[in-house]
Amino acid sequence: MFARFFMAVAAMVAVVAASNFLVQFPVQAQFGPVNLADLLTWGAFTYPVAFLVTDLSNRHFGPPGARLVVVGGFVVAVILSVWLATPRIAVASGIAFLVAQLLDISIFDKLRAKPWWQAPLFSSLVSSALDTLIFFSLAFAAPFAFLDSGFDRADGSLAFPAPLLGVGPEVELWVSLAFGDFLVKLALAGLCLAPYGALRRLLADRVVNPAAV
């Protein structure tokens, strides 16, 4: 049991570390009229895997064990964000990660008696939406500029107008970035059902739940 718990924490740390590194690299690609480099980094594609790790941990260890796995990821997220980014980004990243992952654990646990795919899918969708809203608003919305000024930093808000996803009506840039990020999370929430479905048989549900297996 300890070996599997260590592997879960290591997986979460690896996902968080990879995402913090890959966020430096824009996706150099064109999707029709949309220039993805203006909207996405490669970190957007690795970060949602954290929800897969949380859901598998929740299934195998139950909510208390899953929360410990999340705390391990949270500590690494904060340390890396402080090292690689501004204090405002570090605060936004840490709060978004912790709140969203804990919500994921709660929703998953309430749905674990449902058909196997519902708990990981719906918990990831709802918590991903909250994660996106918290991070992008705290990191880039003008009302939270005090998170920069409080650390004697220049205002890093991205509140100037820009076309939604580069082609739609004008919105504040952070809204467009958040929307693009959430679309990736939506897609990956569905794609992650495949590895979850494959691995769930190997990880016994520690919470008595005949319907889930």
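Calculation rules
Throughout this document, residue positions are counted from 1 along each chain, in the order its sequence is written. Note on the predicted model: pLDDT of at least 70 is required for a residue's local features to be given, and 80 or more for side-chain atom pairs to be given and counted; whole-chain, interface and lining totals, by contrast, use all residues. Hydrogens and waters are ignored; side-chain quantities use all the structure's heavy atoms. One side-chain nitrogen of Lys or Arg within 4 Å of one carboxyl oxygen of Asp or Glu is enough to make a salt bridge. By definition, any uninterrupted DSSP run of H or I lasting at least four residues is a helix, any uninterrupted run of E lasting at least two residues is a strand, and each is numbered from the N terminus. With a 1.4 Å probe rolled over the protein chains alone, any residue whose accessible area is under 20% of its type maximum counts as buried; one over 50% counts as exposed, and the rest are partly exposed. Put simply, a nonpolar core is a bunch of buried Ala, Val, Leu, Ile, Met, Phe, Trp, Tyr and Cys residues held in one set by side-chain atoms that sit within 4.5 Å of each other. A contact between two residues is defined here by any heavy atoms of the two lying within 4.5 Å. Like-charged residues within 9 Å of one another, or nonpolar side chains (Val, Leu, Ile, Met, Phe, Trp, Tyr) within 5 Å, are grouped into patches, provided each residue has over 30% relative accessible area and no salt bridge. Note on areas: these come from Shrake-Rupley sampling with a 1.4 Å probe, and a residue is covered only by the protein chains present in the view. With axes taken as lines fitted to C-alpha atoms, and helix axes fitted only over the stretch in contact, angles between N-to-C directions fall between 0 and 180 degrees. Every angle not falling under 35 degrees, over 145, or within 65 to 115 is termed oblique; those three ranges are roughly parallel, roughly antiparallel and roughly perpendicular. Crossing handedness follows the turn of the near helix against the far one: under a right angle anticlockwise gives a left-handed crossing, and clockwise gives a right-handed one. Classification convention: Asp, Glu, Lys, Arg as charged; Ala, Val, Leu, Ile, Met, Phe, Trp, Tyr, Cys, Pro as nonpolar; all other residues, Gly among them, as polar.

Colleague: What should I look at first to understand the pattern of salt bridges in this one?
Modeller: A side chain with one charge can pair with a side chain of the opposite charge if their charged atoms come near. Overall, the coordinates contain five salt bridges when judged by the stated rule. Across the pair Asp131 and Lys185 runs a salt bridge, and its minimum N-O distance is 2.7 Å. In this pair, Asp131 is assigned in helix H5 (residues 118-140) and Lys185 in helix H7 (residues 173-191), connecting sequence segments 54 residues apart. With respect to class, Asp131 is no different from Lys185; both count as buried. Through salt bridges with shared partners, a single ionic network connects Arg88, Asp148 and Asp155.

Colleague: Explanation requested: the nonpolar core in the structure shown.
Modeller: Here is a general trend for soluble globular proteins: nonpolar side chains tend to be buried in one another's company. If you look at the biggest cluster of nonpolar residues, it comprises 25 residues, and the most contacted ones within it are Leu39, Leu40, Phe135, Phe136, Ala139 and Phe140. Sorting the residues of this core by element identifies helix H4 (87-111), H5 and H7 as the ones contributing at least two each. With residues near it in sequence (within four places) discarded, Ala139 still touches Arg88, Ile89, Ala92 and Gly156. With 18 residues, the next largest nonpolar core counts Ala66, Val70, Val76 and Ile105 among its residues.

Colleague: I'm lost on a nonpolar patch on the surface in this one. Help?
Modeller: A surface patch of nonpolar side chains, about 390 Å² in accessible area, is lined by Phe21, Phe25, Trp42 and Phe45. Along the chain, Phe45 falls in helix H2 (residues 43-46). The exposure class assigned to Phe45 is partly exposed, which follows from its relative accessible area of 32%.

Colleague: Honestly, unusual backbone geometry in this entry has me stumped. Any pointers?
Modeller: The general pattern is negative phi for most residues beyond glycine and trans for most peptide bonds. If you check the backbone angles, Asp152 has positive phi at about 55 degrees while not being a glycine. Of note, Asp152 is situated in the loop between helix H6 (146-149) and strand E3 (161-163). Positive phi values are uncommon outside glycine, yet Leu165 reaches one of about 55 degrees. Residue placement: Leu165 occurs in the loop between E3 and strand E4 (170-172). Leu165 sits in the buried class, given a relative accessible area of 17%.

Colleague: What am I meant to see in the packing of helix H3 (residues 49-84) against helix H8 (residues 193-200) here?
Modeller: Geometry of a packed helix pair, given as the angle between the helix axes and the separation of the axes. Taken N-terminus to C-terminus, the directions of H3 and H8 make an angle of 25 degrees; their axes are 10 Å apart at the nearest point. It follows from the interaxial angle that H3 and H8 lie roughly parallel. As for the relative orientation of H3 and H8, their crossing is right-handed in sense. Each of Leu52, Asp55, Leu56 and Arg59 in H3 lies in contact with H8, whose residues at this interface are Pro195, Tyr196, Leu199 and Arg200. The residue makeup of the contact of H3 with H8, split by class, is five nonpolar, no polar and three charged.

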